[in-house]
Amino acid sequence: MGGSRRRDEDVGAQNFGALLDASPDALITVNADGTIKMANAAASKLFGYTRHQLIGSDHGLLLSDGFRNETRLLQEHLQAQPDEAPLPREVYGLHRDGTEFAAEVAGALLDNGGSQVLLVSVRSTEHRKGADADLREAMSLLTATLESTADGILVINADGSVTGFNDQFLKMWAIPPELLDGDTDEPIMRLIISQVAKPEAFMARLAEVAENPGAESHDVLDFRDGRTLERYSRPQRVGERIAGRVWSFRDVTPRRLAQEQAEQALIDLAAQAEQLRTLAFQDPLTGLANRAVFNQSLTEALTEPRFKTVDVLLIDLDDFKEVNDILGHQAGDDMLVEVGRRLRGCVPTADVVARLGGDEFVVLLTACPDADAIAACIVRCLHVPVTINGTLMRPSLSLGLASIGKEAMVASELLREADIAMYAAKAAGKNRFLRFHPEMMTALVQRTVMEAALQLAVTRGEISVAFQPIVSPRIGLAVQFEALARWDHDGGRIPPSDFIPMAERCGLIGEIGNEVMGLSLVQLAPWLRADPSRSLAVNVSGMQLQEPNFADGVLRLAAACGVGAYQLVLEVTESVFFDPDCGLIRQLSSLREAGVRVALDDFGTGYSSLGRLQDLPVDTVKIDRTFVSMVRTGQERLPILSSMINMAHSLGLTVTAEGVETAVQADYLTALDCDSLQGYLFSLPESGHRLELAGRQAEDALAALAARRPKTG
């Protein structure tokens, strides 16, 4: 009997396998461990594996990432709700060649000798994509129609009867609802025709559309009551069949009125064209000609054969930024207006006097017998003092003069030569004019080469520091050294007056300043640690103070060198305090709170007054050497010096005088109770390894000064 039962089971298995192979869907049975127990021919075809390859493999290889838990969820649902057939699940199957395809998965639990296996049915749904696309297109059209609620919508079927409309259509055409209940559309059509301004054209367009049902139509309807509607229609298609037509009506009356207003505005603007043309060629601030007028006039002058001479005088105000920073932009504008007025007075016969922009002006002269005399006159006239907002100022300018030679020139070339000459005038000391000559071009090239070399100066170790002592005549000792940047390049030393402005112009001052700060702290640290009353002064530019981490970096560097913050003095110019960036002031304030002192360098050379000292966050003022040089014999009466020192002392500030070169100057300043002195009288700037020599020279000079003074008592 046992053999008979096994034969029956074999026959049953064969019949079950035949049943599975007869199914068009891919069928697989899955064991509890996820392996495939059985697979039909459709499964082999769908997934690209042989039946032998499938049996015993993990069924997860047949599903894409993200869908391999679907069979587990299906089995859990069947076990939890055996009487409720779950809906097919949408998944993505994975073919043996790696391609994915859309499919549906269904399943059932089968009893397998006391254990359960999961029968999984997989059906590809790739064939549905085309039908789904058609459905989406149809739904999109329907949605677009329904969402056009701002327009009036009318839908007419192929036989001409109305099949749909919206409320906006009824409102636009003032159609009473009761007319819609009639057996004919004639009353509605009469009402519509009675409202349009041109009924014949309206009916002609309807007839035209009826003759060509597949065409789209777009026109504008004017109503008797003044309204304007935009009418648009397109055929309604079901597949390739035209089932009707959709009409859309939009009220464009506001747009038409706006267009009419715009046309009227254009007419009004045309009436003002001459006035606008004048303004387009005039600088609005000074009333001078603008860049466009100058460029056109220069081009015409260079092409006019009767002009034997053409001269361009390019003018740039010196240090104009300080006027804006210290006195405000209104004061700056007032100065520009005054400069423009004076320029017109200086050159009444000039072809063009123009403002190019900012603080830059230009004069064009043709057939002028002596352009150099005109340039000199401009420099003199503009340097006359002027009072703006109660502050007396003396405008200073740099002027570049360029003239045509024997060879033809274009406008841009002549203006460029004037620009080069103008910058040469600035480099020569400002408040002057220089005529362009070819050597200036060579100097420009050299400056460009020098700027390129400066870019690598820190990397190449070319930046060094020299130290100049600052002495106290009261105690007879050097109490401070000022660190001065030095640049050695190509076997020579470049003056600081050349490379410091260049570094600021090229954006390198931060890198060079940090190098100087580090070198000076390292080299002077032993001298500073020997006496807490000693200090180091370092120059800092406004560009360095714009770096957000500058203050923290200085304090960290001082701490690393074992130098107290109170032994550090940062020298800044007064223009720093008038920078619109309040972050600079915050940086200085945080440094002062940590003990760092701030010195106001070159005091008296800017536009600030003595009375503003009380508003500045400084501890020391350094009187500029130009005031010290006024002392020659020691018998001079110089109230400006005594006022500076007394005012600073009254505010609790100490005073250092720079540029002291003679014993007479030192005695004069000491008599005025100046706290500290600095200059060649005491020592030239020396390198770090010659600090002791510089200190001895300074103290010897102090001893000699003390011996000159008459002994009392």
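Computed from a prediction, not measured in an experiment: that's the story for all the values here.

Parameters at a glance
Residues numbered from 1 in each chain as written. Predicted model: local features only at pLDDT ≥ 70, side-chain atom pairs only at ≥ 80, totals over all residues. Heavy atoms only, no water. Salt bridge = Lys/Arg side-chain N within 4 Å of Asp/Glu carboxyl O. Helix = DSSP H or I, 4+ residues; strand = E, 2+ residues; numbered from the N terminus. Buried < 20%, exposed > 50% of the residue type's maximum accessible area, 1.4 Å probe, protein only. pLDDT = per-residue confidence, 0-100. Contact = heavy atoms within 4.5 Å. Polar contact = N/O pair within 3.5 Å; in protein donor to acceptor, adjacent residues only side chain to side chain. Pairing = 2+ DSSP bridges. Axes fitted to C-alpha atoms, helices over the stretch in contact; angles between N-to-C directions. Core = buried A, V, L, I, M, F, W, Y, C linked by side-chain atoms within 4.5 Å. Right-handed = clockwise from strand over helix to strand, strands pointing away. Parallel < 35°, antiparallel > 145°, perpendicular 65-115°, else oblique. Nonpolar A, V, L, I, M, F, W, Y, C, P; charged D, E, K, R; others polar.

1. Considering the pattern of salt bridges
The tally for this structure, following the rule as stated, stands at 28 salt bridges. With a shortest N-O distance of 3.7 Å, Asp219 and Arg205 are connected by a salt bridge. Here Asp219 is found in strand β8 (residues 217–222), whereas its partner Arg205 is found in helix α8 (residues 199–211), with 14 residues between them in sequence. The exposure class assigned to Asp219 is buried, which follows from its relative accessible area of 13%. Take Arg205: its relative accessible area is 22%, and that puts it in the partly exposed class. Where salt bridges share partners, they join Arg205, Glu208, Asp219 and Arg231 into one cluster.

2. Observations concerning the confidence of the model for the chain
Any segment with low pLDDT has predicted coordinates that should not be analysed in fine detail. A residue-level look at the chain finds 91% of positions with pLDDT of 70 or above and a mean pLDDT of 86. Ranking the elements of the chain by mean pLDDT puts helix α1 (residues 2–22) last, at 55, and strand β26 (residues 676–677) first, at 97. Under a pLDDT of 50 for its full length, residues 1–9 has, in the predicted model, zero contacts with residues more than four places off or in other chains.

3. Quick word on the side chain of Gln480
Considering the arrangement of structural elements, one finds Gln480 in strand β19 (residues 477–489). Overall, Gln480 belongs to the buried group, its relative accessible area being 12%. Polar side-chain contacts of Gln480 include one of 2.8 Å to the side chain of Ser535.

4. Things to note about the sheet that holds strand β7 (residues 162–165)
Spatially, five strands are ordered β7-β6-β10-β9-β8 in an open sheet, and the strand pairing comes out antiparallel. Edge positions in the open sheet fall to β7 and β8, since each of these has one partner strand only. The mean inter-strand angle of the sheet, taken between neighbouring strand axes irrespective of direction, is 20 degrees. Of the strand pairs in this sheet, strand β6 (residues 152–157) and β7 are connected by three bridges, and their pairing is antiparallel. Bridge pairing in β7 places Ile156 opposite Val162. This element, α8, spans β8, β9 (228–238) and β10 (241–251) of the sheet and lies at about 165 degrees to β8.

5. Observations concerning the sheet that holds strand β13 (residues 360–366)
One open sheet accounts for five strands, arranged β12-β13-β11-β16-β17; its pairing is mixed. Every interior strand has two partners, whereas the edge strands, β12 (352–357) and β17 (432–435), have only one. In this sheet, neighbouring strand axes are inclined to one another by 20 degrees on average, regardless of whether the strands run parallel or antiparallel.

6. Quick look at the nonpolar core
In a soluble, globular protein the nonpolar side chains are often hidden away together inside. Ranked by internal contacts, the top residues of the largest apolar core, which has 79 residues, are Leu454, Met517, Leu536, Leu568, Leu677 and Phe682. Of all the elements, helix α18 (residues 509–529) adds the most residues to this core, at nine residues. Once residues within four sequence positions are removed from consideration, Met517 is found in contact with Val538, Val540, Phe550, Val554, Leu557, Leu568 and Leu570.

7. Structural notes on the environment of Thr391
Mapping Thr391 onto the fold places it in strand β15 (residues 391–393). As for Thr391 and Asn112, which are separated by 279 residues in sequence, their C-alpha atoms are 107 Å apart. Filtering out sequence-adjacent residues up to four positions away, Thr391 remains in contact with Leu327 and Val386.

8. Here's the deal with the pairing of β17
A regular strand places its side chains so that they alternate between the two faces of the sheet. Two elements, strand β16 (residues 397–403) and β17, share four bridges in a ladder whose sense is parallel. By the bridge assignment, Leu399 is partnered in β17 with Phe433. Between the parallel elements β16 and β17, the chain passes through helix α15 (residues 411–427) in a crossover that is left-handed.

9. Observations regarding the side chain of Gln665
With respect to the element layout, Gln665 can be found in helix α24 (residues 663–671). Every residue in contact with Gln665, bar those within four places of it in the chain, is listed here: Val628, Ser629, Val631, Gly659 and Val660.

10. What to know about the packing of helix α16 (residues 438–454) against helix α17 (residues 496–506)
In a pair of packed helices, the angle between the axes and the distance between the axes together describe the arrangement. In contact at an axis separation of 10 Å, α16 and α17 are set at 75 degrees when each is read in the N-to-C sense. With respect to α17, the element α16 is oriented roughly perpendicular. Facing α16, whose interface residues are Arg447, Met450, Glu451 and Leu454, α17 presents Phe499, Met502, Ala503, Arg505 and Cys506. Looking at the contact of α16 with α17 residue by residue, the class counts come to six nonpolar, no polar and three charged.

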